[in-house]
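# Understanding the architecture of this molecule
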Amino acid sequence: MSDFTNTATKRGFALPKIKGNAIVMGLYLLFLLLPIYWLLNMSLKNNSEILNSFTLWPQDLTFDNYITILTDPSWYMGYVNSMIYVVMNMVISLVVALPAAYAFSRYSFMGDKHLFFWLLTNRMAPPAVFALPFFQLYSSVGLFDTHIAVALAHALFNVPLAVWILEGFMRGVPKEIDETAYIDGYSFPRFFLRIFTPLVASGIGVTAFFLFMFSWVELLLSRTLTSVNAKPIAATMTRTVGAAGIDWGVLAAAGVLTIIPGALVIYFVRNYIAKGFALGRV
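Residue numbers run consecutively from 1 along every chain, following the written order of its sequence. Predicted model: local features are reported for residues with pLDDT of at least 70 only, side-chain atom pairs are reported and counted for 80 or more only, and whole-chain, interface and lining totals are derived from all residues. Calculated side-chain values reflect all of the structure's heavy atoms, with hydrogen atoms and water omitted.

## With respect to unusual backbone geometry
Of note in the backbone geometry, Asp145 takes a positive phi value of approximately 65 degrees without being a glycine. Helix and strand definitions follow DSSP, with helices as H or I runs of at least four residues and strands as E runs of at least two, each counted in order from the N terminus. Checked against the element boundaries, Asp145 lands in the loop between α6 (128-141) and α7 (147-171).

## Quick word on the nonpolar core
Residues belong to one nonpolar core when they are buried, are Ala, Val, Leu, Ile, Met, Phe, Trp, Tyr or Cys, and are joined through side-chain atoms within 4.5 Å. Accessibility here uses a 1.4 Å probe with only protein chains present; expressed as a share of the type maximum, an area under 20% marks a residue as buried, one over 50% as exposed, and anything in between as partly exposed. Within the largest apolar cluster, 57 residues are counted, with the highest numbers of intra-cluster contacts made by Ile69, Tyr79, Val163, Leu166, Met170, Phe196 and Val200. At the level of secondary structure, the elements contributing two or more residues to this core comprise α3 (64-71), α4 (73-106), α5 (112-124), α6, α7, α9 (188-199), α10 (201-217) and α13 (248-268). Should any heavy atoms of two residues lie within 4.5 Å, those residues are considered in contact. Leave out the neighbours within four places in its chain, and Phe196 touches Tyr102, Arg106, Met170, Val173, Asp178 and Phe191.

## Concerning the confidence of the model for the protein chain
One number per residue, pLDDT, summarises how confident the predictor is, and it ranges from 0 to 100. Chain-level statistics for the protein chain give a pLDDT mean of 83 and a share of 88% at 70 or above. Per-element confidence in the protein chain is highest for α4, whose mean pLDDT is 92, and lowest for strand β1 (residues 241-242), whose mean pLDDT is 59.

## Observations concerning a nonpolar patch on the surface
Together, Ile23, Leu27, Leu30, Leu34, Tyr37, Phe54, Leu56 and Trp57 make up a nonpolar patch on the protein surface, roughly 910 Å² of accessible area in all. The residue Leu34 is located in helix α1 (residues 2-43) in this model. Owing to a relative accessible area of 46%, Leu34 belongs among the partly exposed residues under this scheme. Excluding any residue in a salt bridge, patches collect residues exceeding 30% relative accessible area, merging like charges within 9 Å and nonpolar Val, Leu, Ile, Met, Phe, Trp and Tyr side chains within 5 Å. Here the accessible surface of atoms and residues is derived via Shrake-Rupley with a 1.4 Å probe, and residues count as covered only by protein chains that are part of the display. Salt-bridge detection follows one rule: a side-chain nitrogen of Lys or Arg within 4 Å of a carboxyl oxygen of Asp or Glu.

## Things to note about α9
Those residues of α9 that sit buried are Phe191, Phe192, Phe196 and Thr197. For α9, the angular spread of buried residues about the axis comes to 145 degrees, placing them on one side. Along α9, the residues that are exposed and aim more than 90 degrees away from the buried face are Leu193 and Arg194. Of the surrounding elements, those touching the buried residues of α9 are α4, α7, α8 (176-183) and α10. The arc refers to the directions leading from the helix axis to the C-beta atoms.

## Quick notes on the layout of surface pockets
As a volume, the largest pocket reaches approximately 160 Å³. Around the largest pocket, the lining residues are Phe104, Ser105, Arg106, Tyr107, Ser108, Asp112, Lys113, Phe116, Glu167, Arg171 and Lys175. Breaking the lining of the largest pocket down by element, the ones donating at least two residues are α4, α5 and α7. Buriedness of a pocket was judged along seven lines, with at least five required to meet protein on both sides within 12 Å; pockets are open sets of points on a 1 Å grid over the protein atoms alone, cavities are sets where a 1.4 Å probe fits but cannot get out, and lining residues have an atom within 4 Å of a point. Grid points are joined across faces, edges and corners, and a volume is the space filled by probe spheres set on the points.

## What to know about the packing of α4 against α7
Under this scheme, a helix contributes an axis fitted over its contacting stretch, all axes are lines through C-alpha atoms, and angles between N-to-C directions fall in the 0 to 180 degree range. The interhelical angle for the contact between α4 and α7, taken along N-to-C directions, is 35 degrees, at an axis separation of 6 Å. Relative to α7, α4 is oriented so that their crossing is right-handed. In the scheme used here, Gly and all other residues not listed as nonpolar or charged are polar, with Ala, Val, Leu, Ile, Met, Phe, Trp, Tyr, Cys and Pro taken as nonpolar and Asp, Glu, Lys and Arg as charged. Considering only residue class, the contact of α4 with α7 consists of 21 nonpolar, seven polar and three charged. Each crossing gets its handedness from the near helix: less than a right angle anticlockwise from the far helix is left-handed, clockwise is right-handed.

Structure (structure tokens):
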């Protein structure tokens, strides 16, 4: 009888705990998704309905806001410009960080720990510190208002982050693999590209995700170093403020379209991100 009572007691306390966890998780998801839903809701309304009424869904459904963005070059070129310098930044950062992370994970040299820490301190500095020097430098050498200017500026912050993440993944690969490849006659470039890089593919995926997100959402440097030709979507969104006020519908539609690339990247690298958390490097 006592065993039955203990079992029943345990089961009786287990159910409220599960319900409590479910309620907390539900409230968290509601709190997380509510701003996204409201942004989508606003993007399907006209300005009159947004300003003059409070509705949980559009009363007069319209796609004019999205049509404006997708047909106006001053709008959709903002997305094109952002994607160009984001991809350039990812490529530059990975090309520089991969051999650097390999060196930190495989060799010990004088000052290696201090150099590694110095790289991380560069990542900790706020972008505002470098905005004026970059502006002056790029204006002098003719790189102002170009995609490569923003990509190089973002690489200053992204390379240390990439080295830190990749070094953790590379340190988990046994050194015996390197030695075996050299015995088999592999040159270093061939070994690094054909054998070693696939072994840390998950780390590269995680790193690419963080590089993309920093460069995609960063505003200060991308706005300071561009004016017309390479103007990103984040800076373009400020043009909704005019003499007639703020075009809330178009601004909301631009926000929805800005979320989509990040959501797609998260979807494709979600398994790599999970592995990065499991390894304790993210």
